[in-house]
Structure formats: structure tokens, C-alpha cells
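Analysis of the macromolecular model
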Amino acid sequence: MKYGFFDDINQEYVITTPKTPFPWINYLGSNDYYSIISNTSGGYSFFKDARLRRLTRYRYNNIPLDTNGKYFYIKDGETIWSPAWKPAQTELDSYQCRHGLGYSRFISSKDNIQASLIFFIPNGDNVEIQMLTLENQGEAQKNIKLFSFIEWNLWNALDDMTNFQRNLSTGEVEIEDSVIYHKTEYRERRNHYAFYSVNAEIDGFDTDRESFMGLYNDLKTPDAIIAGQLSNSEAHGWSPIASHSVSISLMPGEKVDLIFLLGYIENEQEKKFYSDGSINKDAAKSLIHKYQTTEAVDEAFNELKLSWNKKTSKLQIKSSDDKLSRMVNIWHPYQSMITYQFSRSASFFESGIGRGIGFRDSNQDIAGFVHMDPQKARQRIIDIASTQFEDGGAYHQYQPLTKRGNNDIGGNFNDDPLWLIFSTTTYLKETGDWSILTELVPFDNNINNSAPLFEHLRRSFYHVVNNLGKHNLPLIGRADWNDCLNLNCFSNNPDDSFQTTENLDGKNAESVLIAGMFVLYGTEFARLCELLSKKDEAIEAYSHIEKMVEAINTSGWDGEWFLRAYDHFDNKIGSHECDEGKIFIESQGFCVMAGIGVKDGRAQLALDSVNKHLACEYGIVLQNPPYSKYYLNLGEISSYPPGYKENAGIFCHNNPWIMIAETKVGNGDRAFDYYTRITPAYLEEISQLHKTEPYVYSQMIAGKDAYRPGEAKNSWLTGTAAWNYYAISQFILGIQPDYAGLRIDPCIPKEWDGYNIVREFRDVTYIIEIKNPDHVNQGVKQLIVDNHVIAGNKIPLMEKGSTHNVTVILGN
Ligand code: GLC
Ligand code: GLC
């Protein structure tokens, strides 16, 4: 069952009922100021940091779900309705929610009034624009009242939810003209306030929640809305809100635009107050002035659209598969960009108060957006590398506001360092910006102890070499990519965190996943050394890589697939010898991506085993069989019920590893088949089961052993975004940026006739036509660039600003 449809021309997903199987959300903002917004306008805003600078309140874990947001009420006679359905929840005559790139628009109607309500954050300003257009589509004059509603958060979102003894006394506001200012704690150490304005004369306001709602009421039927009149309440402590009321009279056919602005202002210390002691409102007023007309709002909206167009235009496909095209052209780039921006902080599954920026996660995110915003990728790489330790290890996370490593979680996740090599080499291939390697980057944020980025990569490489175990495989540390395979945390105490507890010395447990990663990304490091003419260094690196391949061959192969790990007692994990968890996905993906066993048939065998034991209708599960009980020596993985999350859920993040691995053995049919099993556009028809948004990936889909296989959770912020985009664009469609040109190496289903791609690479536009007359999976038979046949499959670098026509004929 579907709950809407894709509007590819407008790059939107159009939701046609407010009652989706789960709130379907979107993101606004691109620089410092952000919001999340659901299909009933639930959600919240924050400045930079969802925990420390939260502007509006949202209650996770609420009953019912998603009941606070940016709300409007229209009172038309006795009927009260909301343009986004909530909070009034009155049945509407029509309803649409259009989630687009950086904006959401609601179009709805009731009793001949049509409301069109757009939310977006203009480029460069810390303000959310909410423009509401009301039109009288009937024959008679309408006299209505419009009410707005938001609830202020007292800035620190965690404190706001816990510290009531203080917070119920601190709330402060100011009201001037049609603007409500929220200034809690501004009188002391804060230099920031928020405001909520409307470009119309108001006939009332409320800033005290209880006066607005009534103590025993809820947002569906606030007292003030029922009465049709706000009481001009001034909040002193308790829960400050902002609500305006505007009286509107519309002749038949008449239309009015109301512009609401929800803004964030920082003032310099000396200029915090006016001489009368009230807050300095200059900056707020100038923002309000800037966006007071429909024309100004339209112009800002067009700029926003243009900036997204610029990003998505870097890679566009024309194919006969609409689902593929809309993913590649719109939703892959969009989700990748959003995931980069928000890291893992704020979604409807991430509370905005938990994780900082993950070393591992954010390095992987680079692969999903570097071609769209190389500047931001560069900065992110430097920021991440600045939290690396001298020995090559790294803080697992850092805080976005301070950019400092997070001591609570610390380090010792031994896959972390290698991801820095992946992100940096991916950046280099895309941009050719070699200067990043000589950039001085501190260790542990200590500027007195800095080294060129290249040195950080070297430390990453040798962190693995210096931390090998008994089988010459890498020690796993707290955990590798799989946060839940905790082989050094024997925890019997439910109050321990699996993420931070490490009570063994860590000298035993080894990871075959990190071994595969080392061969793959270590080789990238060695290649880099060669390109930099560091010959000896390259030779030495290759020798370590060879040893690692040997170790995998000797101790990492189980007969039909790659082992996953050795635990503290030297027991195998992910072996046919195990009772449960006999085969894991990660080591199959990474070892084959690294090329191990490709020549001797073991790679094929491993992938066949994946197909046989792990693949199911909804994707590829993480391991099989799932753990049916808790294992002290394995940790969190066995804490999840079978079929969920890391215990045999379909972790959409690692499925593309198998897709890419399939392309390494030339199986384009399987690679693409796996892609369609988890890719949202292909799941639209089963939205009822899938539950989460059909336009973005979720981190996890319940696996075949779960109670309800196919049900997804944790949509939006996941490494799945970058990896699937990377897999489909570079390995299946085969457009691969490389140091000295664009390599074309598709691996597609045999039945495909071909497709067209436009790719902007290093300021050159390539218009590429790929033809598959012989119906093969893989192999470039001929490459023609501007009518010249080129040997091999790499298009050399061309003059900046130029455009080239490329024809690629696949065949043997
Ligand atoms: C989550 C984490 C990621 C981890 C994965 C597997 O997605 O963000 O860092 O690799 O889970 O445990
Ligand atoms: C849990 C989750 C895992 C996530 C980790 C860190 O272990 O299962 O996916 O990466 O928490 O938040």
C-alpha cells in the first residue's frame, strides 16, 4: 500500500494522507540552523547543536507519537482545523504534504478555504520561514481567525527534559508589536535569543502555555482556540510558548500571504541590551525586515532550489527504470547530504542529545557527498583527523559545537583509523586537491602537536600494523564497524554500556573485517605513497598488506566463507563450527571488495554463501543463524532479539558492500538485485509493512528471523545513505572518479540495454551514453570520447569548463 507518490519533476515526495505508518519527515537548513519536520508539521529547530541550542520543544517517546511542532489553527465559525492536519486533527477536504529538497509544503483545504504552507530555511540566515497562503475558494466572504503555536525549549534539550526544579522558574519572554522574543537565561550567560514573528497586525498573543491550553487540555483543543481569543499572557517561568492570532477576512477568490519567522540571534557581549534593559533586537528586526514580503520569500526559496539543483546536477542519470532514476537523481544525493550535515544527531530515531560526530560514520559519509560539496568534505576530513591520537587511534566521536573528542566514549574502536584513509583518498580522487595532504592537522586537537594530513594517514595504517593478534589479524579493540560485537566487554551488569565497557586487556580478540579493510584501504594508502613518489614507503606498505592477505588466507577462511573474528578465548566467530552466528556479512563484503579470493574462486564461493544463508526478500541479513540467547563473550550483538539490529537484522549499511563485492566478480545481476531489495523507491508499494519513508533508506530492516520481517526502523541518518549511493553510482553504473581521470566500469544486469549519465567531474561535464548491445554484465569494449576511440576504460582529465560526449559500448 502507498501513502503518496513521487513527483520527480518537482523533486518531491507527495504524501496524500496525514496517517502514514510512521511520521515521515524532512530536513530544513544547510548551514548552522536546522529543523526537522514531519508530514503533520511535527518536529523542532536548533542552532548547530541539537542538544545545546534547541529552539523549540519536542517530546520523544510521547503518546501519541509526534505531537509537538510548528502548529497552526484556523477557526472558521465553529470549525477548527490545521493546514498540516495536526494538532487539530479535523478531517480535511484535501491534504498533501510535499517533502522537497530543503523544504516541506502542505496544501490542504477545508470548507472552501485552501491553505498552502511552506517551511524552509533560506541559505545563509538563521531563520525558518513559514509562509502560509490562505485562499477563499468559495462563493461567500470568509471571516476567520488564524493562530500560530510553538513551544520554546530552554536551550539545553537534555536539561530541558530533566531539570524541572530550576527550569520552571527561568522562562522569560518579551513581546513587541507582532514579535514574541524568547530570552530565557539571556539575562545571565547566554548571548542568544529566539524570536517568532508574523508580518501582520495581531489581535492577540499568548506566551504562557497554561493560559493558552488550560492545564487539563492538550494541543488538539487548547482553551484559547476554542474561545477564539488569546489572552495576551506573559510567561514568567513555567513553559513559555509563542502564539499569535490574526483576524482575516477574505472575499471570494481572495488570497492572503502570512509570513511567520522563527529566528535565532546572537549578540555581542557589549551589545546584549538596549539602554532600558530590554534585549537588543536590532538583528532580529533586520531579519524580519528582510523577509517581510512574499517576493523576498519567493526569491529566497528560488535560491534554495538553485543551490540544491547545483548539487544534484553533478550526477544525473536517464534510464528506463524510474525508480532507479529518482533515487540517483534526487534521493541518494539528498539523503547523503543530510546525513553528512546532521551526522547521527537528530532524527525521529536519534534524540538530538545523544551522539556527537562519529569518526567512523562521518568518514564514510564523505563518499556520499564529496562531489556535491568538496569544500565541506575537506573541512570535515580535517575536523575528524584533528581528533586522532598520536598512535593513530582516534576518539570515536567529537562534539560539533566544540570539535573536541568526546571523553565519555573515548577511543579503541580499531576500525576507526582506516576510515580516514577511505575518506581522504575518496576526496583526492574526486577533487585532485593534493594540498589537503600537506595541511597541518593537530593530534587530539593540540595545535602544538600537529602533522601534515598525510602523516595522519600513515599513523592510521600503522595503527593496524602495530596492533595485531595471535593470528596476525588486527585486534578488534572495543568493536570494529559492528558496534555490537563486543569481544572485550564481558558484561553481566545491565547498567554497563556496551559502547564504553572494556574490561579485558584487548590483546586477544581479532577482526577479519578490519583485516579486509586493511587490505582495501591499506592498498589505497600504498597507492598514494606511489603517487607521491614515496617509493620505499610504498614497498613497505605493500609488504604489510601481503602479510595481512596471508593471515586472512591462513586464519580467516572458513571453507565456504570468510570468518568474522576470533574471540577472547580464541574461539572462531562466524564459522560453520559455531552453533549460531555461523556466517557474517561484513567480512564477506570487505574481503571480496579487497580482492581476496577473486582469482581462486573463494570470493565467488563466499558470495554464494551470502546468497544462500543471508539474503532474503527484504535484503541481506547481518548474520545467520541469529543468536537466540545472550553470550557473555560476544556482547551487545546477542542482546537484541533475533532478526533485529545487529543480531541478524538487515543492516542496510553493509548490503552495498556485498553489491560492490558482486561487481568484483562480475555479477551485475545479483548486485542490482540486492540494490532493489533495500532501496526505498522499490519498497514504496509495501510502505504499510516497511513503515518508514519510501524516499530514504533506513538503517535497519527487520530480518528474516524477526517477528515482522521487512519492517524498517531508524530512517535518514545512517551510513546506508553514502554507501548505497557510492555502490550504485560507482560500481553498478560504473562512473568512478580516479586520480588521473574518470574510469568507466559498469557492472549491470545483462538485460539492460543501456543508460545515459551526465557527470560533472573536476569542472568538466561528461555526457555519457552507455550501450549494452551484447547484453553482458561487465566489460568496456569500446570507449569513444568526442568521436575519438580511447584505449582502456579511463577518460583522461580534460580542460576545466569543457563539455564532452562519451559513448561506452559494453561487450567482450
Ligand atoms: C550504527 C553506527 C555505526 C556502526 C553501525 C553498526 O549505524 O552509527 O557506527 O558501524 O551501527 O553497528
Ligand atoms: C547500539 C546500536 C548500534 C549503534 C550503537 C551506538 O549499539 O545497536 O547500531 O551504532 O548503539 O549508538
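Summary of the structure given here. As the structure is a computational prediction, the values presented were derived from the model and not from experiment. (Residues numbered from 1 in each chain as written. Chains lettered and ligands numbered in written order. Predicted model: local features only at pLDDT ≥ 70, side-chain atom pairs only at ≥ 80, totals over all residues. Heavy atoms only, no water.)

Formed by 231 residues in total, the largest nonpolar core has its most connected members in Phe195, Leu324, Tyr521, Phe590, Tyr675, Trp723 and Ile768. For this core, the leading source of residues is helix H12 (residues 512–531), giving 13 residues. Here Tyr521 is in contact with Leu418, Trp419, Ile421, Phe422, Phe590 and Trp723, once residues within four sequence places are set aside. Core analysis: the next-biggest nonpolar cluster, separate from the first, contains 13 residues, Tyr73, Phe147, Phe149 and Leu230 among them. (Core = buried A, V, L, I, M, F, W, Y, C linked by side-chain atoms within 4.5 Å. Buried < 20%, exposed > 50% of the residue type's maximum accessible area, 1.4 Å probe, protein only. Helix = DSSP H or I, 4+ residues; strand = E, 2+ residues; numbered from the N terminus. Contact = heavy atoms within 4.5 Å.)

Each strand in a sheet pairs with its neighbour through backbone hydrogen bonds, running either in the same direction (parallel) or in the opposite one (antiparallel). Read across the open sheet, the ten strands follow the order S1-S2-S9-S10-S11-S12-S19-S16-S15-S14; overall the sheet is antiparallel. Each edge of the sheet is formed by a strand with only one pairing partner; in this case those strands are strand S1 (4–7) and strand S14 (173–176). Direction aside, the axes of adjacent strands within the sheet are offset by 15 degrees on average. Of the strands in this sheet, strand S10 (103–110), strand S11 (113–120), strand S12 (127–136) and strand S19 (255–266) are in contact with helix H6 (residues 294–312), which crosses S11 at around 55 degrees. (Pairing = 2+ DSSP bridges. Axes fitted to C-alpha atoms, helices over the stretch in contact; angles between N-to-C directions.)

To continue, consider the site of ligand 1. Taken together, Arg355, Arg360, Asp361, Trp481, Asn482, Asp483, Glu646, Phe651 and Gln699 make up the full set of residues near ligand 1. Here Arg360 contributes a side-chain N or O atom positioned 2.8 Å from an oxygen atom of ligand 1. Starting from 300 Å² of accessible surface for ligand 1 in isolation, the protein chains cover 96%. In the shell around ligand 1, the residues fall into two nonpolar, two polar and five charged. (Near = heavy atom within 4 Å. Polar contact = N/O pair within 3.5 Å; in protein donor to acceptor, adjacent residues only side chain to side chain. Areas by Shrake-Rupley, 256 points an atom, 1.4 Å probe, with all protein chains shown as cover. Nonpolar A, V, L, I, M, F, W, Y, C, P; charged D, E, K, R; others polar.)

Below, the discussion takes up the state of the cysteines. Two cysteines, two sulfur atoms, one covalent bond between them: this is a disulfide. Following the criterion strictly, the structure yields zero disulfides and no others. The thiol sulfur of Cys591 is not disulfide-bonded, and the nearest other cysteine sulfur, from Cys578, lies at 16 Å. Cys747 carries a free sulfur, and the closest cysteine sulfur to it, the one in Cys591, is 19 Å from it. Overall, Cys747 belongs to the buried group, its relative accessible area being 0%. (Disulfide = S-S within 2.5 Å.)

This next bit is on the site of ligand 2. The environment of ligand 2 is made up of Arg355, Asp483, Cys484, Gln499, Glu636, Tyr640, Lys645, Glu646, Phe651 and Gln699. A distance of 2.6 Å separates an oxygen atom of ligand 2 from a polar side-chain atom of Tyr640. In the complex, 81% of the free accessible area of ligand 2, which totals 310 Å², lies under the protein chains. Considered class by class, the residues forming the shell around ligand 2 number three nonpolar, two polar and five charged.

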